[in-house]
Structures are given as structure tokens and as C-alpha cells.
Amino acid sequence: MPIQSICCLGAGYVGGPTMAMIAAKCPDIQVTVADMNGERIAAWNSDCLPVYEPGLDAVVQSARGRNLHFTTDIRGAIAAADLIFVSVGTPTKSYGIGAGRAADLRYVESAARLIAEVSKGHKIIVEKSTIPVKTASAIQAILAANSSAEATFEVLSNPEFLAEGTAVADMEAPDRILIGGEPTAGGKAAVEALVAIYAHWIPRERILTTNLWSSELSKLVANAFLAQRISSINSISALCEATGADVDEVARAIGMDSRIGPKFLKASIGFGGSCFQKDLLNLVYLCESFHLPDVAEYWRQVIHLNDWQKSRFVEKIVRALFNTVNGKRVAIFGFAFKKDTNDTRESPAIHVCRDLLREHARLAIYDPRVDAATIRRDLAEAGIPAELLDSNLEICADPYAAAASAHALAALTEWDEFRSLDLSRLYDLMLKPAFVFDGRAVLSSESLKAHGFNTFTIGQGF
Ligand code: UDX
Ligand code: ADP
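Residues numbered from 1 in each chain as written. Chains lettered and ligands numbered in written order. Predicted model: local features only at pLDDT ≥ 70, side-chain atom pairs only at ≥ 80, totals over all residues. Heavy atoms only, no water.

**Notes on the site of ligand 2**
Surrounding ligand 2, one finds 17 residues, the nearest of these being Tyr13, Val14, Asp35, Arg40 and Arg345. One of the backbone N or O atoms of Tyr13 is found 3.1 Å from an oxygen atom in ligand 2. In the environment of ligand 2, an oxygen atom lies 2.6 Å from a nitrogen or oxygen atom belonging to the side chain of Asp35. Bound to the protein, ligand 2 loses 85% of the 590 Å² it would expose on its own. Among the residues making up the shell around ligand 2, the classes are represented as 9 nonpolar, 5 polar and 3 charged. (Near = heavy atom within 4 Å. Polar contact = N/O pair within 3.5 Å; in protein donor to acceptor, adjacent residues only side chain to side chain. Areas by Shrake-Rupley, 256 points an atom, 1.4 Å probe, with all protein chains shown as cover. Nonpolar A, V, L, I, M, F, W, Y, C, P; charged D, E, K, R; others polar.)

**A few points about the sheet that holds strand 11 (residues 393-395)**
Strand pairs in the sheet, formed through backbone hydrogen bonds, run parallel or antiparallel to each other. Ordered in space as 11-10-9-12-13-14, the 6 strands form an open sheet in which the pairing is parallel. Either end of the sheet is taken by a strand with one partner, and the two such strands are strand 11 and strand 14 (454-457). Looking at each pair of strands side by side, their axes are set apart by 15 degrees on average, direction ignored. Pairing of strand 12 (residues 408-411) with strand 13 (residues 435-438), which is carried by 4 bridges, proceeds in the parallel orientation. Directly across from Ala410, in strand 13, lies its bridge partner Phe437. In the packing of helix 12 (residues 293-320) onto the sheet, the strands contacted are strand 12, strand 13 and strand 14, and the crossing angle to strand 13 comes to about 170 degrees. (Pairing = 2+ DSSP bridges. Helix = DSSP H or I, 4+ residues; strand = E, 2+ residues; numbered from the N terminus. Axes fitted to C-alpha atoms, helices over the stretch in contact; angles between N-to-C directions. Contact = heavy atoms within 4.5 Å.)

**Focus: the site of ligand 1**
Around ligand 1 sit 20 residues, and of these Phe161, Glu164, Ser268, Lys338 and Arg440 come closest. Taking Lys219, its side chain carries an N or O atom lying 2.9 Å from an oxygen atom of ligand 1. Contacts to ligand 1 include Lys338, whose side-chain N or O atom sits 2.7 Å from an oxygen atom. Tallying contributions element by element places helix 9 (residues 212-243) first for the shell around ligand 1, with 4 residues. Considered class by class, the residues forming the shell around ligand 1 number 11 nonpolar, 3 polar and 6 charged.

**Considerations on the nonpolar core**
Judged by nonpolar contacts, the single largest core of 64 residues is most densely connected at Phe313, Leu363 and Leu379. Counting residues per element, this core draws most heavily on helix 13 (residues 348-358), at 6 residues. Setting aside residues up to four positions removed in sequence, Leu363 forms contacts with Val330, Ile332, Cys353, Leu356, Leu357, Asn392, Leu393 and Glu394. (Core = buried A, V, L, I, M, F, W, Y, C linked by side-chain atoms within 4.5 Å. Buried < 20%, exposed > 50% of the residue type's maximum accessible area, 1.4 Å probe, protein only.)

**A few points about unusual backbone geometry**
Residues Lys432 and Pro433 are joined by a peptide bond in cis, for which omega reads -5 degrees. Relative to the helices and strands, Pro433 is located in the loop between helix 17 (423-429) and strand 13. The phi dihedral of His291 falls on the positive side, at around 55 degrees, and the residue is not glycine. Assignment of secondary structure puts His291 in the loop between helix 11 (276-289) and helix 12. Note on His291: relative accessible area 70%, which makes it exposed. Look at Ser405: it is not a glycine, yet its phi comes out positive at around 60 degrees. Checked against the element boundaries, Ser405 lands in the loop between helix 16 (399-403) and strand 12. On the accessibility criterion, Ser405 (42% relative accessible area) is partly exposed.

**Thoughts on the pattern of salt bridges**
As enumerated under the stated definition, the model contains 25 salt bridges in all. Residues Arg358 and Asp355 are paired through a salt bridge, measuring 3.8 Å at the closest nitrogen-oxygen approach. Note that Arg358 and Asp355 are positioned in helix 13 at a spacing of 3 residues, about one turn of the helix. Between Glu414 and Arg440 there is a salt bridge, with its nearest N and O atoms 3.8 Å apart. Taken together, the residues Glu414 in the loop between strand 12 and helix 17 and Arg440 in the loop between strand 13 and helix 18 (445-450) connect sequence positions 26 residues apart. Take Glu414 and Arg440: they sit in the same class, and that class is buried. (Salt bridge = Lys/Arg side-chain N within 4 Å of Asp/Glu carboxyl O.)

**Section: the pairing of strand 12**
Taking every second residue as pointing to the same face, both faces of strand 12 are buried, with Ala408 and Ala410 on one and Leu409 and Ala411 on the other. With 4 bridges connecting them, strand 9 (residues 329-333) and strand 12 associate as parallel partners. Residue pairing for strand 12: Ile332 is matched across the bridge by Ala410. Tracing the backbone out of strand 12, into helix 17 and back to the parallel element strand 13 gives a crossover that is right-handed. (Right-handed = clockwise from strand over helix to strand, strands pointing away.)

**Concerning helix 8 (residues 185-198)**
Along its 14 residues, helix 8 runs 20 Å from first to last C-alpha, staying within 8% of the 20 Å computed at 1.5 Å per residue. Where helix 8 is concerned, the buried positions are Gly187, Ala190, Val191, Ala193, Leu194, Val195, Ile197 and Tyr198. (Expected span 1.5 Å × (residues − 1).)

**A look at the side chain of Lys278**
With respect to the secondary-structure elements, Lys278 resides in helix 11. Sequence-distant contacts of Lys278, that is, excluding residues within four places in its chain, are made with Thr90, Pro91, Thr92 and Thr130.

**Some thoughts on a nonpolar patch on the surface**
Residues Phe290, Leu292 and Val295 make up a contiguous nonpolar surface patch of about 270 Å² in total accessible area. Given the relative accessible area of 35%, Val295 is considered partly exposed. (Patch = residues over 30% accessible without salt bridge, like charges linked within 9 Å, V, L, I, M, F, W, Y side chains within 5 Å.)

**Comments concerning the packing of helix 9 against helix 10 (residues 247-255)**
In contact at an axis separation of 9 Å, helix 9 and helix 10 are set at 130 degrees when each is read in the N-to-C sense. When the interaxial angle is binned, helix 9 and helix 10 end up oblique. For the crossing formed where helix 9 meets helix 10, the hand is right-handed. Together, Ile233, Ile236, Ser237 and Cys240 of helix 9 and Val247, Val250 and Ala251 of helix 10 make up the contact between the two elements. (Parallel < 35°, antiparallel > 145°, perpendicular 65-115°, else oblique. Left-handed = near helix turned anticlockwise from the far one by under 90°.)

Written as C-alpha cells, this is what we have:
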């Protein structure tokens, strides 16, 4: 029987967009996204979606009300579904065994318990959340121990590889879809049922099927390799600054080697986002659990370098501003972890702003998509006391307001609009000497110099 009804638990950055795309591409399938967060569901049902992604509004509008539904009735959605995607959050554990490294699987576990409780008949359960290897077996055990006699399940792994900011394009034409299942007759049938959904718009040769553990591990390894490339080029950015080489030129030169390739070689103040650090930590924890300390140490260095890169950038700012930023206004351009998203999870901007506030700088932050409440919350969660936020943090509605009377400007996200800023206007607004610290090489260092700025660009130096 082909799948007629899908439900997805979790209406976050992964669940919402992926289900919208499936609904848009498969008008013959009913897709219901369920989340206990009523505010989030209300936003998905409104004209102001909770996730900013270029092109997503149109995808949602094409299917919502037809075969795409958002609800807080989680039980009802589970009961009606033939196939259930689990897209709940898997944050890094902050307490107890594995704190700071292992994934916190409590949302996955409670989702599995609820599925077991509500389900009758046969259902396919698909892990979409990024999860450590062998989570599928935990889900299977919970389902087996808690479900009624007439319920049967197959558990699949189907990791999501979309990147935020390009999610719609990534889902329209993914490099590959990965589906892991068990080599039993039931497992194979479940894999085929999920393949048939994606085959509505994705060529079969791009749909890869593997065993469960390969699929789960591949997701962690893909993110670890991508993060490793960024740490590699960021390590070289420091060497370029010291030697007079330009990291973008080095990246271009090495990227033309087809064995290396040109992507993910953009030096930055460090990678952010909800996945890279979490998945690296998971990988490290996994290696430690399987008594592979050297492998764990190897991957731990990727995170270490990333933290160092963020701290190094702050140090550059403080040293250049005559060793003190106390009381000085610093304009911050960009707070999101990358352009074209309103997501700030693990954004390197949080680390940089936190450290500048600890140096008692006065920050004037402008980001085209991140709202003031989110910025304030992130910095409070990073340990900045409320009084310091009250006195030293200003959120600005445009970049020029942020730059007014600033000693320095720091670009922390590579938003396209920063490429066409009016540099003379910025220069006139700022105190002199006017410093620019470009953590994303998003501004033209030549033009900045021509306008009179003292410029530091990541991977180029002063
Ligand atoms: C990543 C993976 O790319 C995606 O496949 C997975 O499903 C989820 O994690 P995402 O975190 O959304 O996606 O964005 P990505 O484009 O990978 O960027 C992550 C971070 O790396 C951002 O902070 C970005 O600015 C930074 N980055 C990326 C660099 O600093 N340099 C680069 O060359 C590329
Ligand atoms: P991601 O980036 O992986 O999509 P998010 O944190 O953005 O992660 O979204 C996860 C969502 O899952 C949250 O909105 C949360 O409320 C929801 N959630 C957690 N547990 C459950 C559950 N048992 N059933 C339905 N939704 C859940």
C-alpha cells in the first residue's frame, strides 16, 4: 500500500520546511506537522512563518490547507498517519553523563513513547532529527515494549542534509537522499515506501539506501567533514594574516584541484548553526564510548580551532583599538549564524559579542532578520548580566544607525546587503580613526581603504 498520510513530530527548522516540500511535491499524500508549541504552529498557519528561508513562503502557500496541515493535536496526527517523521530537537546534553558532548535524546524518547501509546496497525517511523548512531534501536525497543498487540512498526533513518538559507533549493534538488533500514522483508518494504515518496521529484539514482547504522553515522560524518574544512581554512587564515598571503586566493588556488574542490573553503570567524558543533561533539562522544581516544581527539581539534578563531577575532579588535574597548561603541553587522536565515543557534556572533561586552564595549547590533528579543536572549544565555545588557546593548534598525559615533564596525554575518553599503556615509558617521573588522570578508577591503578606514579582514590581516 503506498503511503497516503504522513505526520511529522516537530515543526522546527527541519520538520516545517521538509514537510512543506513533501506536501508540495506529493499532492496525493496528506501531510500533517504536529508540535506542542502552540505559538509555533500558529505561526506556521499564518502569513508570518516562524522560519525565514528564501522561497519557503511560496512552497507553504502552494500546499497549506490542501494537503499540508499544522496542528497541536499530536495524538490525532499520529493516529491518522501511515508514516511518522520524528523531527524533534536533539540538543547537546547539559547535565549528567556526557554533559556538553552527548545528545539529549529525551524529546526523541518521549516522541517514541507517545507513538507507541497512540498507534494501532502498521506504521513506519522515520528518524529525521540528527541523532547519535544506534538511536534507531532505542526507538525500536521503546516501541516494542510499549505498544498494543495490534501495532507493528518499522524504523528507518532518513537524515536531512539541507542547509539553512538554501533549504528550498537543497530540498528541490538534493545531492542525495539517504535512507537506512533493516535488511528484513519488512524493513525493505518500508524503505521502498519512503523511496516512493521522494521519487515524486527526485531521480532514483540520487536516492541511496543503506543499513540503519551507516545512514545514522553518515549524517554525523558529513557534518564533521564539512566543519573540518572550515576549521582547516580558518587555521590557514591566521597564517595568511601573518605572512601576507590572502586566504581567498589560497582557497581559490587549492579549490581548483578537483580532488579538493572549491566549496566550504570560505574563511570566517568560525562556523555556527545548530548542527556542526553538536554533531562533532556527538562523534567525539561516540568515539570515546567505543574506546577510540585518538579518533575522538582528532575531531575535538576541529571544535577547538573553531573556538580559537572566534576568540582570536575579538583579540584583534581589542588590540587594534589601543588595547581597550571599555565604553567604546562597536557597530556589529550581522548576528545570524550565516546569511539568509533568522537562526542564531551557535552563531559565532554570540561568542564575539559576549567577549566584547565582557570587555565593556557598547554594542550597536544590526541584523536584517534577527529580532531584538532573540539577540538579547542569546547574550543573556551566554552569561551577560541583565544590567550590562541594559546599559551596553543597543539593537538598531539599520546599519547606519548602528555605525553612528562608533569607534569600530565588525561584520559578523555575510549578508549580501553589506556588499552595497554606502561607505562614505559610514565613514562620515564614525569616530576617527574608523576601524572595520571584517570577519567574513564580505566588504571590499580595497574600497574600505580608499575611503579611509583602518581595515582588518579575516585571512588578509590589516
Ligand atoms: C549544515 C550542513 O551544511 C547541512 O548539510 C546539514 O543538514 C546541517 O548543517 P547549516 O548549518 O544550515 O547546514 O549551514 P552551512 O551552510 O553548512 O553553514 C554552517 C556554518 O559554517 C555557518 O556558520 C557558515 O557561515 C559557516 N561556513 C560555511 C564558513 O564559515 N565557511 C564556509 O566555507 C561554509
Ligand atoms: P530542528 O532544527 O532540528 O528542526 P527545532 O528545535 O527547531 O529543531 O524544532 C524541534 C521542535 O520539536 C520544537 O518546535 C519542539 O517543540 C518540537 N517537539 C519536541 N518534542 C516533540 C514531540 N514529542 N512531539 C511533537 N513535537 C515535539
